[in-house]
Amino acid sequence: MNRKLAYGLALIVALAAPFVGYPVFLMKLLCFGLFACAFNLLIGYTGLLSFGHAAFFGGAGYVTGYALTALGLPFEAGLVLGVLASAALGLVMGLLAIRRQGIYFAMITLALAQMVYFAALRAPFTHGEDGLQGVPRGKLLGVLDLGNDVTLYFVVLAICAGGFALIVRTVHSPFGQVLKAIKENEARAISLGYDVDRYKLVAFVLSAAVAGLAGATKTVVLGFETLTDVHWAMSGLVILMTLVGGMGTLAGPILGAFLIVALENKLGDLGNFLAETTHVEWFSSLGESVGIVTGLIFVACVLLFRRGIVGEIAAALARGGRRREAA
């Protein structure tokens, strides 16, 4: 009941948010939250550390952007093509990397993702360093005009909620229980007769598809796609989001993504406010030090919140419950 209540409150806040905040920024938060959840499905529940998720996130964005601009396809077809492209790319990368473990798996995914980055840099339809510009939003089902930010926000909210629901259903399904068993003790899962490589491959493809859905949606929201989304730094950023929020939790990656993206976009405004309030000029340059602040947050989480913010809160509540039972 508590979980249902939390989901209900989160839904109410999400529905009211565009009337209080800036819808485009809120949509960006939702897209990165879904991206982090997709990555968490792989590392948090399967135990696979991928350094190549930027390839799915940005690759789907490029495919969707090209489909909407050059091919003139409708909004729905563009999203579907982006998701299919990321799933296909995930299948190829998974087949090549899934038989390796640990750092070897991570390095293979990083190398393959860098190949995608250089393909995006050199391919003629991506326009190189200029990226895809002026991606149209179009209409939903040919009727609902997505040019309005508030209208598009509710569509993006539905898409991200659907992606999150898919991840929740996967985690709590028998398939998800096998993934957890593989993470905890892969050798024992093999001894029980499970085809571990096949399970990990399916999880990898599913994670890639959801990450692609997030990337394709973000491209429509912002109206452009650049090399930033396929660069290895984006893979590092989603790892940071997941670890800060809480790896292996459902809400943790969303919180981590919101925190990191908000810092990147609002730290300069906060610095200017502090400079005006305290008359300390140094604060005005705070917006140029996003990487330093993010790094400090990461260090603090590693030292103080080993399970991430949500993970530590859940552990504290569990300890409190045990104490009450003992009393």
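Structural data are supplied above this passage.
What counts, and where the lines are drawn
Residues numbered from 1 in each chain as written. Predicted model: local features only at pLDDT ≥ 70, side-chain atom pairs only at ≥ 80, totals over all residues. Heavy atoms only, no water. Helix = DSSP H or I, 4+ residues; strand = E, 2+ residues; numbered from the N terminus. Rg over C-alpha atoms; globule rule 2.2 N^0.38 Å. Buried < 20%, exposed > 50% of the residue type's maximum accessible area, 1.4 Å probe, protein only. Contact = heavy atoms within 4.5 Å. Areas by Shrake-Rupley, 256 points an atom, 1.4 Å probe, with all protein chains shown as cover. Core = buried A, V, L, I, M, F, W, Y, C linked by side-chain atoms within 4.5 Å. Axes fitted to C-alpha atoms, helices over the stretch in contact; angles between N-to-C directions. Left-handed = near helix turned anticlockwise from the far one by under 90°. Nonpolar A, V, L, I, M, F, W, Y, C, P; charged D, E, K, R; others polar. Phe/Tyr/Trp six-rings, centres within 6.5 Å; stacked < 30°, edge-to-face > 60°. Salt bridge = Lys/Arg side-chain N within 4 Å of Asp/Glu carboxyl O. Disulfide = S-S within 2.5 Å. Arc of directions from axis to C-beta.

Draft legend 1. Just the overall build of the protein, in detail. Within the protein one finds 13 helices and two strands. For a compact globule of 327 residues, the expected C-alpha radius of gyration is about 20 Å, and the protein comes in at 20 Å, within 12% of that figure. Viewed in the frame of its principal axes, the protein has a C-alpha envelope of about 55 × 55 × 40 Å. A total of 327 residues make up the protein; the buried ones form 47% of that total. Taking the intrachain contacts of the protein between residues at least 6 apart in sequence as the baseline, contacts between residues at least 24 apart amount to 74%. When the accessible area of the protein is evaluated, it comes to approximately 16200 Å², of which 67% is carbon and sulfur surface.

Draft legend 2. Spotlight on the nonpolar core. In this structure, F32, F35, Y153, V156 and M241 are the most contacted members of the largest nonpolar core, which totals 84 residues. With 17 residues, helix α2 (residues 23-43) is the single largest residue contributor to this core. Those residues within four positions of F35 in sequence are excluded, and the remaining contacts are H53, A54, F57, A211, A214, M234 and V238.

Draft legend 3. Region of the structure containing the packing of α2 against helix α3 (residues 53-69). For the pair α2 and α3, the least separation of the axes is 11 Å and the interaxial angle reads 140°. Judged by the twist between their axes, the crossing of α2 over α3 is right-handed. On α3, the residues that touch F32, F35, A38, F39 and L42 of α2 are H53, A54 and F57. In terms of residue class, the contact of α2 with α3 is built from seven nonpolar, one polar and no charged.

Draft legend 4. How the structure looks around the packing of aromatic side chains. Under the criterion given, the structure shown has 10 aromatic pairs. Judged by centre distance (5.4 Å) and plane angle (45°), the ring pair of F32 and F57 falls under tilted. Of this pair, F32 sits in helix α2 while F57 sits in helix α3, and the two are 25 residues apart along the sequence. Judged by its relative accessible area of 0%, F57 falls in the buried class. For the pair Y153 and F154, a centre-to-centre distance of 5.4 Å together with 80° between the ring planes defines the contact as edge-to-face. Joined through ring pairs, the aromatic side chains of F19, Y153 and F154 make up one cluster.

Draft legend 5. Region of interest: the packing of helix α4 (residues 75-97) against helix α9 (residues 196-222). Orientation of α4 relative to α9, taken along the N-to-C sense of each, is 145°, at an axis distance of 7 Å. Here the hand of the crossing between α4 and α9 comes out right-handed. Packed against α4, whose contacting residues are F75, L79, V83, S86, A87, G90, L91, M93, G94 and L95, the element α9 presents L201, F204, V205, A208, A209, G212, L213, A216, T217 and V220 at the interface. Among the residues making up the contact of α4 with α9, the classes are represented as 15 nonpolar, five polar and no charged.

Draft legend 6. Spatial organisation of the pattern of salt bridges. If you walk through the whole model with that rule in mind, you get four salt bridges. Ionic pairing is found between E186 and K200, a salt bridge with its closest N-O pair at 3.4 Å. Here K200 lies in helix α9 and E186 lies in helix α8 (residues 186-191), a separation of 14 residues in the sequence.

Draft legend 7. How the structure looks around the state of the cysteines. The final tally for this structure, using the stated rule, is zero disulfides. In this structure C160 is not part of a disulfide, and its nearest cysteine sulfur, from C31, lies 4.8 Å away.

Draft legend 8. Fine view of unusual backbone geometry. Positive phi outside glycine occurs at H127, with the angle close to 65°. Taking relative accessible area as the criterion, H127 reaches 48% and is therefore assigned partly exposed.

Draft legend 9. Molecular detail of helix α7 (residues 174-184). Among the residues making up α7, those that are buried are G176, V178, L179 and I182. End-on view of α7: buried residues confined to an arc of 155°, all on one side of the axis. In α7, those exposed residues whose orientation departs by more than 90 degrees from the buried face are P174 and E184. Structurally, α7 contributes buried residues whose contacts are with α6 (149-171), α8 and α9.

Draft legend 10. Just the environment of G128, in detail. Following the sequence through the fold, G128 ends up in the loop between α5 (102-122) and β1 (139-140). Note: C-alpha distance between G128 and L227 (99 residues apart in sequence) is 7.7 Å. Apart from residues no more than four positions distant in its own chain, G128 is found in contact with Y62, A120, L121, A123 and L227.

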